[in-house]
Every structure is written in C-alpha cells, then in structure tokens.
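# What the coordinates show
One-letter residues, chain by chain:
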Amino acid sequence: MAPSPLLTPFTLADDLKLKNRMVLSPMTRGRTGDMQRPDKMTAQYYVQRASAGLIITEGTLISTVANGWVGAPEIYSKGATLAWKEVTDAVHAAGGLIFCQLWHCGRASHSSFHAKEGKAVAPSAIAINEPTIHAPIGKVPHEVPAPMTVDQIKETVADFERAAANAKAAGFDGVEIHGANGYLIDSFLQTKTNKRTDEYGGESLENRFRFLKEVTEAVLKVWPASRVGVRLSPNGVYNDQGSPDFREAFPWFVEQLDKYKLAYIHFIIGLGFGFHKLGEPMVMADFRKSTSSALMANCGYTKESGEKEITDGNSDLISYGRPWITNPDLPARFETGAKLANDPPVGVWYSPGPKGYVDYPNADGTIV
Ligand code: PHB
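Now for a description of the structure that goes with this document. (Residues numbered from 1 in each chain as written. Predicted model: local features only at pLDDT ≥ 70, side-chain atom pairs only at ≥ 80, totals over all residues. Heavy atoms only, no water.)

### Notes on the overall build of the chain
Counting its regular elements, the chain contains 9 helices and 14 strands. Compactness check: the chain gives a C-alpha radius of gyration of 19 Å against a globular reference of 21 Å for 368 residues, within 12% of the reference. Its C-alpha atoms give the chain principal-axis dimensions of about 60 × 45 × 40 Å. By residue count, 60% of the 368 residues in the chain fall in the buried class. Taking all contacts inside the chain whose residues are at least 6 apart in sequence as the whole, residues at least 24 apart take part in 73%. Here the chain has roughly 14,200 Å² of accessible surface; of this, 56% comes from carbon and sulfur atoms. (Helix = DSSP H or I, 4+ residues; strand = E, 2+ residues; numbered from the N terminus. Rg over C-alpha atoms; globule rule 2.2 N^0.38 Å. Buried < 20%, exposed > 50% of the residue type's maximum accessible area, 1.4 Å probe, protein only. Contact = heavy atoms within 4.5 Å. Areas by Shrake-Rupley, 256 points an atom, 1.4 Å probe, with all protein chains shown as cover.)

### Focus on the side chain of Ser-77
Mapping Ser-77 onto the fold places it in the loop between strand 4 (54–61) and helix 2 (78–93). A relative accessible area of 17% means that Ser-77 is categorised as buried. A polar side-chain atom of Ser-77 sits 3.0 Å from the main-chain amide nitrogen of Ala-80. Not counting the four nearest positions on each side in its chain, Ser-77 is found in contact with Arg-37 and Asn-166. (Polar contact = N/O pair within 3.5 Å; in protein donor to acceptor, adjacent residues only side chain to side chain.)

### Some remarks on helix 2
The terminal C-alpha atoms of helix 2 lie 23 Å apart, and with 16 residues this matches the ideal 22 Å at 1.5 Å per residue to within 8%. Among all positions in helix 2, only Ala-80, Thr-81, Ala-83, Trp-84, Val-87, Thr-88 and Val-91 are buried. End-on, the buried residues of helix 2 take up no more than an arc of 160°, which puts them together on one face. Exposed residues on helix 2 whose side chains face more than 90 degrees from its buried face are Lys-78, Leu-82, Glu-86 and Ala-93. Directly beyond the C-terminal end of helix 2, a positive phi value near 85° is found at Gly-95. (Expected span 1.5 Å × (residues − 1). Arc of directions from axis to C-beta.)

### Here's the deal with the sheet that holds strand 11 (residues 228–232)
If you trace the 8 strands once around the closed barrel, you get 3-4-5-10-11-12-13-14, paired in parallel fashion. Geometrically, the sheet is characterised by an average inter-axis angle of 25° between neighbouring strands, direction not taken into account. Relative to strand 5 (residues 98–103), strand 4 is paired through 5 bridges, and the arrangement is parallel. Across the sheet, residue Ile-55 finds its bridge partner in strand 5, namely Ile-98. Packed on one face of the sheet, helix 5 (residues 205–219) meets strand 5, strand 10 (174–178) and strand 11 and runs near 170° to strand 10. (Pairing = 2+ DSSP bridges. Axes fitted to C-alpha atoms, helices over the stretch in contact; angles between N-to-C directions.)

### Points about the nonpolar core
If you look at soluble globular proteins, the nonpolar side chains tend to sit buried side by side. Grouped together as the largest cluster of nonpolar side chains are 87 residues, with contacts concentrated most on Leu-102 and Phe-211. Setting aside anything within four residues of it in sequence, one finds Leu-102 in contact with Thr-60, Ile-62, Ile-75, Phe-160, Ala-163, Ala-164, Val-175, Glu-176, Ile-177, His-178 and Val-219. Among the nonpolar cores identified, the runner-up in size contains 14 residues, and Val-23, Ile-56, Ala-294 and Leu-317 belong to it. (Core = buried A, V, L, I, M, F, W, Y, C linked by side-chain atoms within 4.5 Å.)

### Quick word on the site of the ligand
For the ligand, the full set of nearby residues is Thr-28, Trp-69, Trp-103, His-178, Asn-181, Tyr-183, Tyr-238, Phe-273 and Tyr-350. Within the contact set of the ligand, an oxygen atom lies 3.1 Å away from a side-chain nitrogen or oxygen of Tyr-238. One nitrogen or oxygen atom from the side chain of Tyr-350 is found 2.3 Å from an oxygen atom belonging to the ligand. Notes on the ligand: free accessible area 270 Å², of which the protein chains cover 91%. Residue composition of the shell around the ligand, by class: 6 nonpolar, 3 polar and no charged. (Near = heavy atom within 4 Å. Nonpolar A, V, L, I, M, F, W, Y, C, P; charged D, E, K, R; others polar.)

### What about unusual backbone geometry?
Of note, Asp-14 is a non-glycine position whose phi angle comes to about 55°, a positive value. Here Asp-14 is to be found in the loop between strand 1 (10–12) and strand 2 (16–18). Not every positive phi belongs to a glycine, and Lys-277 is a case in point at roughly 60°. With respect to the helices and strands, the residue Lys-277 is situated in the loop between strand 12 (264–268) and strand 13 (294–298).

### Observations concerning the pattern of salt bridges
In total, this model carries 16 salt bridges according to the counting rule given. Of the charged contacts, one joins Asp-159 and Arg-162 as a salt bridge, the two residues approaching to 3.4 Å between their closest N and O atoms. With Asp-159 and Arg-162 both in helix 3 (residues 150–169) and 3 residues apart, this pair spans about one turn of that helix. On the accessibility criterion, Arg-162 (39% relative accessible area) is partly exposed. (Salt bridge = Lys/Arg side-chain N within 4 Å of Asp/Glu carboxyl O.)

Shown next, in the form of structure tokens:
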C-alpha cells in the first residue's frame, strides 16, 4: 500500500527537509509561569512531539506590551533566549525541527499584563466585544486599547526584528509570524479593527497590509525567506474578529507576501475554532493561485481529511493541534492505525503544571 501522503517527506523552500507533512500547530499552553521562560518540562513536551515534520512553538511574546496571556513564554530577553536554546537543543537531539511563533497580542491584552506601558495597544481604539479577559489580576472586562502612534508602530516592527534575532540565537530552525486570530497583526489587516486614517489603515488594502509588510521585511533582515512562515485566519471570529471583505482581502495579502518567497503560509481554515459567517468560508484551494510558497492547513483535520487536502493539491502540509496534545506520537499512530486518544478536556489546555501536558503516553504506553 502506498504510504499516507501525510507521512511522505517535504522540502520547505528548497532548504529544509521535513521528514513528514505533519506539523505540530502553535498552541498556547500557559505553562511558563511568571518568568515566562521555557524550562525542562517545556523541552520534554516538545521532545515528545519531535516526530512531527516540523514543530511550531506556542505563541512567544516579542515585547512586554505584547503580552496578553497568563503563563505564555517570551523571547525578548536574554534569559528567555538562553532558556529556549535548551529546548531547541533537546528537539534537535531528538531529530526534530522547530520554528518559533512570534506573537504580539495587541488589543487582546490588559494593562495588568504590563503596568509600565499601561493599556494594550492596537491600530484603533476599539475594545474586544466579549465579557472578560483572563488577566494577571483575574477575569476582568476588556479595556479600550490605545491606538498606536506611528512611532510605536516602528518600535513594534523593531521588536519583531529583535525577537527574530533572539530566535536565531536560540537555535530555532525558523520563525512563524503570528498574523492570525485577532491579535495585533490581524487587527491591522482587518476593517473590523482598523479604522485608522493614516498610511496604516482604512479601507485601502495596501494600507492595512503595511504593518505586516514591515514586520515581514524586518524579520527577513535576520532570517532567509526559506525559514519564515506567516499564519493567517481568514474565517476566524476569535477575539471578536471578522470583516466583510475577507474574501477579497486575504488572497490579496497572500499575493503581496508572494514577492518574499516565504517558506509557507499557514491558514487556520477549518471552522472548529469559530467563524464569522460573513460569507462563504474560504478554503485552501482559494489560495493556491495566490502564492508560490508552500501552504499549510490547520484546524479540525483528521487523518483522512488531511490526506485528501494533500492529494487534491490544496495544501502541502497539515498542522494538527488538539490531537497532538493527547497523542504525542501522532505520526506513528497514523502510520500503524493505532487508536487515537480523545482530545484533551479544555481544563488542561492552559493549566499550569505537568498534568495534561507531558503525561500523555505513546501508543505503546511509554512516556518519553
Ligand atoms: C493564538 O495564539 O492564536 C491563540 C492563543 C490561545 C488561544 C487561541 C489562539 O486560546
């Protein structure tokens, strides 16, 4: 029998050889404590999943004001950079490849995450229309974010560049720019959250794209394009996101990114994370003609639907999230047909400590 297409090798941008097409999707796990630094347990978690063709880390904060998630790690300090080096060394020793996802939460934050900087920052002063955010001081109402000045935008671009350089020093194989899920970059891209009247906003696609363009170009000062990916969520409602022109805007953004010949564009395309219902949801096939970069599809894929996406030519890579939490040896299970453990309960997604994190066994009962 021919091997599953998911288990065939793939070369990313003629540069990086992935042993299979199954990617560990970036997942916030909230386990790095007040220090926001990865530790031995973080390394164990990623090593357990090193049979992925590629690991993408959980969102990793590029500056203090970027922080909007309790227990999420950072990569702006020297200490965190050194701590990540231990993780990448361990993953490499286990035969894995690992990209760092660079994250700025934008308006999905609260002043109690960064007392010095004060309010969360965003393109426009529009609060998330949801009841509360989980902040260091507990569950609190969302604040109206401070609209960024052009100087702050430039500083943030520089923060992305510094974080990308730290990721290189930390031994990562590449970086993913988090442009999805209503966080800072996505909130520049979309009309729902970007009401600016300057060159970074408004109805103009070019203006809304400018921040992602500058971030991408800053990251490309540090990394070759073959080691940089971007993640987008055209259908997403998460963080109160979703804009009526999404079917026109996202292919256009992807066409603009094509000029950089990035390693891949990663789409949260499945609807399991919630979708905005502002039109027919987009599918992977909508993006093939917009880019020569590899495509990565995410959210809710099974073995069968992932295989079909690859066989039909709509995607090159599939990233798996929840199934990989409870099945650390997911590629082996797909290969042997071993039974999959159920998805984890929501209660352990972000809870501190090893439970629901590093305590899931492989199919043979061992815990690595
Ligand atoms: C994200 O970084 O996209 C993200 C983080 C935490 C969530 C959901 C999405 O719960």
